[in-house]
Amino acid sequence: MVDYHAANNQSSAGGVQTYMEQENDWDRDLLLDPAWEKQQRKTFTAWCNSHLRKAGTQIENIEEDFRDGLKLMLLLEVISGERLPKPERGKMRVHKINNVNKALDFIASKGVKLVSIGAEEIVDGNAKMTLGMIWTIILRFAIQDISVEETSAKEGLLLWCQRKTAPYKNVNVQNFHISWKDGLAFNALIHRHRPDLIDYDSLRKDDPVTNLNNAFEVAEKHLDIPKMLDAEDIVGTLRPDEKAIMTYVSCFYHAFSGAQKAETAANRICKVLAVNQENEQMMEDYEKLASDLLEWIRRTIPWLENRTQEKTVNDMQAKQEDFRDYRCVHKPPKVQEKCQLEISFNTLQTKLRLSNRPAFMPSEGRMVSDINGAWHTLEGAEKGYEEWILSEIRRLERLEHLAEKFHQKAAIHESWTDGKEAMLTQKDYETSTLSEVKALLRKHEAFESDLAAHQDRVEQIAAIAQELNELDYYDSASVNARCQKICDQWDVLGALTQSRKESLERTEKQLESIDELYLEYAKRAAPFNNWMEGAMEDLQDMFIVHNIEEIQGLITAHEQFKSTLSEANKEREAIQSIQAEVQKIAQSNGIKLSGANPYTTITPESIDSKWEKAMAMVPLRDNALQEELNKQNSNDTLRAKFATQANAVGAYIQDKMEEIGRISIEMNGTLEDQLTNLKEYQTNIMSYMPEINKLEGFHQLIQEALIFDNQYTSYTMEHLRVGWEQLLTTIARTINEVENQILTRDAKGISQEQLYEYRASFNHFDKDHSGALMAEEFKACLISLGYDVENDKQGDSEFARIMGIVDPNGSGAVTFQAFIDFMSTETTDTDTADQVIASFKILAADKNYITAEELRRELPPDQAEYCIARMAPYAGPDAVPGALDYMSFSTALYGESDL
């Protein structure tokens, strides 16, 4: 029911008196009309009982039951909400008159001028005066405070009825008597506010009794409006009583005005809850996206930090291909997710500021800064992993080259040492002649020379094995075993050589015949033979170069080698001439040679054979060096192509980074135009992507060619990838800033002209075009906009307050977004916790708590359950079972406390 106490306190005494003088200008003689008197008795009695029942009582006869003044005083206390003086309980006439006077005095204190109504007439049961007094009370406490478009009382109530029934057929409310006689106006009022209670289309204008009874019964059953008239009394009267109809209609007004307030309150709560639910969903989406991205980074970094070594170059190149696949396939979507995460975070913070909510603080470890830190760690791991792969490929190439060289030299050495132990341990000198012994001695001297010549090869074999161990060659065990076997055998050969020499020297005195020519041949043939073997080793030696200078150095060395072939051929011919001289002397002296040269196993045939092989290897070596030169020239062409494209891409990225910086400061036109231009600019930037892909293609060719340096450019692919990602991220952030400004403008109702003014003021004082104002620049900007922040105590205090809003972190700089948020907050209004509490209080019928049933009745199902799940139990002194605390819930919505 209506809170009359609140309504009474809003009226002024002068206005009430003037109004009452007009309303009391009623024809009291009309009360003598039996039909009207009957209608007023019934209506006023029902109206009084609708209030008296709150105090647990009622009246039966309106002029009899008010005679002692007790129920009259009780009625006034109920409808006013105030306490009257204590009534007198005596039965004497004077006691009754005093009680009635107390009631009449109270009515007069409310600014009501009572005309010709005295306590004696009420005590005497004067029906005319009693009904007039009740009408005066109804006017003051039920009708007077009705106001529609600055009209009040009767005119306001009539205007309200006309507006509510205007859409309905056969209803034309012009007064409070004839217009209500057919009952359609009563039904139209109910249907307008509660269409679920009335089937208006089924009503007929020619059946007023049915229409009136339907409206009165529905009002009594569903709207808590007691039945104040009988349909037959209204229909049977030519002109129904105006005061009875006004009294009845005023009850409908008060019943429906409370429902309208509840609807308004429910709508406000729905709006606030919808914003909160949307924000919570965005927070959940951010948390999930951040968690997924961090989890991907967490899984990826260990893979990038894995330094498990492979055994072959092919295995490492497979890892390099996996890394290239990660760079081109797996990482780009994550770059987009990271950018989208930052945009979502900024949009959410903007929406929270616009709806007067506290800023969103992601879970620990999921801040944008945390994600950026994890991303930085990921990129560091990427760089380290790529460098490691390239380093490992170089190391394995070097190892394979050294291993092949080791086995080649070891095979040559083992071939040379084959049979040497047996030769050194034989006892042939014991049965030889002196000349044979001398020959054996000379042969042994030649062998020692040969042995000394092979010392370098053994040392090279040991050095290569040592380097393979230092480079962690996977098959070091077999290399070490083979090297150890060669060294042990070399020591044995040295010891056996020394032993045989001592034996020969003991028998040297007995042996005189020495063939000097054989000896000379042997001495010269052995070094020459070793030289040829060394030359063939060099001609077959593998080489690895990385630039033109290195291959040109090898070609130069090879040309120097070829320049010595003429002298070598002369030496070969000289050695062959020694053997020819032996044959000549033998023939000329009739000497029969016993066989081969006793001092060496190197025959002229073997020298010629090796010479021919060596000469055949020279053009092969020429071809190999020329092919490598061609390869290096091709690599140099690749370097130049990559450098040309990289220099162009680098300059493009630099120009566009500077250009987007200027655009973000000098943007003109509406925010929608700026957004459209920025997106077109973004599309234009993305059209450059084929050039990036072209550069990636050159980079892939360079990596496949194992090119590790480039003297033609200072750019690396990594630097350009980072620059390109920064350019795309900067454009996306600029677009997001404009979108947030549009959100701010639309949510705060800021005009385009205000935004232009704010942007112009901000840019004017942003002298260095940094996109932020320092403290003194921001103060000058505020002064230009009319803020009193001059250098005095009050101005300094106001400026400190404003800086606390726009720069809560104390960085000393104010961004344009913070400036716009502050200006929009200064010029617009938003929902507050107090407004939401007031709305809940209306739904709770002024109680300090609310029940689940009331929430489900007034709010949509999903939002009602949202509130019930989050409201704490009410613990106040007036708590009842199931009471919920809506006050702490409302303040928690705005961050003032925890749910």
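Residues numbered from 1 in each chain as written. Predicted model: local features only at pLDDT ≥ 70, side-chain atom pairs only at ≥ 80, totals over all residues. Heavy atoms only, no water.

Looking at an unreviewed UniProt entry, one finds the chain named Actinin alpha 4, with Seriola lalandi dorsalis as its source organism. Among the UniProt annotations of the chain, the heading Sequence similarities (unreviewed entry) holds the following wording: "Belongs to the alpha-actinin family." (UniProt positions renumbered as here; feature names shortened; annotations may be inferred.)

Helices and strands together make up the secondary structure of the chain, namely 34 helices and seven strands. Put simply, of all contacts in the chain between residues at least 6 apart along the chain, 75% involve residues at least 24 apart. Total accessible area computed for the chain in this model is approximately 44400 Å², and 50% of it derives from carbon and sulfur atoms. (Helix = DSSP H or I, 4+ residues; strand = E, 2+ residues; numbered from the N terminus. Contact = heavy atoms within 4.5 Å. Areas by Shrake-Rupley, 256 points an atom, 1.4 Å probe, with all protein chains shown as cover.)

Turning our attention to helix α24 (residues 671-686). Compared with the 22 Å implied by 1.5 Å per residue over 16 residues, the 22 Å span of α24 between its first and last C-alpha is a close match. Listed in full, the buried residues belonging to α24 are Leu 671, Gln 674, Leu 675, Leu 678, Tyr 681 and Ile 685. Along the axis of α24, the buried positions cluster into a sector of 125°, meaning they face one direction only. (Expected span 1.5 Å × (residues − 1). Buried < 20%, exposed > 50% of the residue type's maximum accessible area, 1.4 Å probe, protein only. Arc of directions from axis to C-beta.)

Quick look at empty space enclosed by the protein now. On inspection of all chains with the given rule, the structure shows two cavities of 30 Å³ or more. Estimates place the volume of the largest cavity at around 50 Å³. Considering the residues around the largest cavity, the lining is formed by Met 423, Leu 424, Gln 426, Leu 440, Lys 443, His 444, Phe 447 and Arg 500. Counting residues per element, the ones that place at least two in the lining of the largest cavity are α16 (420-425) and α17 (434-453). Take the lining of the largest cavity: its biggest share by element is four residues, from α17. When the residues that make up the lining of the largest cavity are grouped by side-chain class, the tally is four nonpolar, two polar and two charged. (1 Å grid on protein atoms, 1.4 Å probe; cavity = no way out; pocket = protein on both sides within 12 Å on 5 of 7 lines; lining within 4 Å. Points joined across faces, edges and corners; volume = space filled by probe spheres on them. Nonpolar A, V, L, I, M, F, W, Y, C, P; charged D, E, K, R; others polar.)

On to the UniProt feature "coiled-coil region" (unreviewed entry) in the chain. Sites flagged by UniProt as "coiled-coil region" (unreviewed entry) map to residues 437-471. For the annotated span residues 437-471, helix accounts for 94% and strand for 0% of the residues, and the straight-line distance between the end C-alpha atoms is 50 Å.

Quick look at the sheet that holds strand β6 (residues 872-873) now. Pairing is antiparallel across the open sheet formed by three strands, whose spatial order is β5-β7-β6. In this open sheet, the two strands that pair with only one neighbour each are β5 (850-851) and β6. Contacts between helix α34 (residues 886-893) and the sheet are confined to β5 and β7 (883-885), with β7 contributing the most and set at about 30° to the helix. (Pairing = 2+ DSSP bridges. Axes fitted to C-alpha atoms, helices over the stretch in contact; angles between N-to-C directions.)

Ranked by size, the top nonpolar core spans 77 residues in total, and within it Ile 137, Trp 180, Phe 186, Ile 190 and Phe 252 carry the most contacts. Take this core: its biggest share by element is 11 residues, from helix α8 (residues 127-143). In contact with Phe 252, not counting residues within four places along its chain, are Trp 160, Phe 186, Leu 189, Ile 190, Ala 219, Leu 223 and Ile 225. Membership of the second largest hydrophobic core comes to 50 residues, among which are Ile 731, Leu 782, Met 803 and Ile 820. (Core = buried A, V, L, I, M, F, W, Y, C linked by side-chain atoms within 4.5 Å.)

As a further point, take the pattern of salt bridges. All told, the structure shown has 48 salt bridges when counted by the stated rule. When the shortest N-O distance is used, the salt bridge between Glu 387 and Lys 383 registers 2.4 Å. One end of the pair, Glu 387, and the other, Lys 383, are both in helix α15 (residues 368-417), four residues apart, so they sit about a helical turn from each other. (Salt bridge = Lys/Arg side-chain N within 4 Å of Asp/Glu carboxyl O.)

The next point concerns the packing of aromatic side chains. Per the stated rule, a full pass over the model turns up 33 aromatic pairs. With 5.0 Å between their ring centres and 85° between their planes, Trp 160 and Tyr 253 make a pair best called edge-to-face. Note that Trp 160 is positioned in helix α9 (residues 153-165) and Tyr 253 in helix α13 (residues 242-305), a separation of 93 residues in sequence. Here the two residues Trp 160 and Tyr 253 agree in accessibility, since each one is buried. Consider the rings of Phe 252 and Phe 256, whose centres lie 6.3 Å apart with planes at 40°: the pair is tilted. Taken as a pair, Phe 252 and Phe 256 lie in helix α13 at a separation of four residues, close to a single helical turn. Ring-pair connections join several aromatic residues into one group, and the members of that group are Phe 176, Trp 180, Phe 186, Phe 216, Tyr 248, Phe 252 and Phe 256. (Phe/Tyr/Trp six-rings, centres within 6.5 Å; stacked < 30°, edge-to-face > 60°.)

Two elements in contact, helix α28 (residues 775-784) and helix α29 (residues 793-806), have axes whose closest approach is 11 Å; the angle formed by their N-to-C orientations is 110°. When the axis of α28 is compared with that of α29, the two are roughly perpendicular. Relative to α29, α28 is oriented so that their crossing is right-handed. Of α29, the residues touching α28 (which contributes Ala 775, Phe 778, Lys 779 and Leu 782) are Asp 796, Phe 799, Ile 802, Met 803 and Val 806. In the contact of α28 with α29, the residues fall into seven nonpolar, no polar and two charged. (Parallel < 35°, antiparallel > 145°, perpendicular 65-115°, else oblique. Left-handed = near helix turned anticlockwise from the far one by under 90°.)

Any two packed helices are characterised by how steeply their axes cross, that is the angle between the axes, and by the distance between the axes. For the pair helix α5 (residues 70-80) and α8, interaxial distance at closest approach is 11 Å and the crossing angle is 10°. Taken together, the axes of α5 and α8 are roughly parallel relative to one another. Between α5 and α8, the contacting residues are Leu 72, Leu 76, Ile 79 and Ser 80 on the first element and Met 133, Ile 137 and Phe 141 on the second. Here the residues of the contact of α5 with α8 are counted per class, giving six nonpolar, one polar and no charged.

With 16 residues, helix α18 (residues 455-470) ought to run about 22 Å at 1.5 Å a step, and its terminal C-alpha atoms sit 23 Å apart, in line with that. When we look at burial in α18, the residues that qualify are Arg 457, Val 458, Ile 461, Ile 464, Ala 465 and Leu 468. Along α18, the residues classed as buried sweep out an arc of 125° about the axis, all on the same side. Two residues or fewer after α18 comes Asp 472, characterised by a positive phi angle close to 65°.

Tracing the backbone shows Glu 379 in helix α15. Of the side chains with opposite charge, Lys 331 comes closest to the buried, unpaired Glu 379, at an N-O distance of 4.0 Å. In this view, Glu 379 contacts Lys 331 and Glu 725; residues no more than four positions away in its chain are not counted. (Lys, Arg positive; Asp, Glu negative; His and termini not counted.)

Located in the positive-phi region is Asn 170, a residue other than glycine, with phi close to 70°. Considering the arrangement of structural elements, one finds Asn 170 in the loop between α9 and α10 (184-193). One non-glycine residue, Ala 845, lies in the positive phi region at around 55°. Structurally, Ala 845 can be placed in the loop between α31 (833-843) and β5. Taking the relative accessible area as the measure of exposure, Ala 845 reaches 57% and is therefore exposed.

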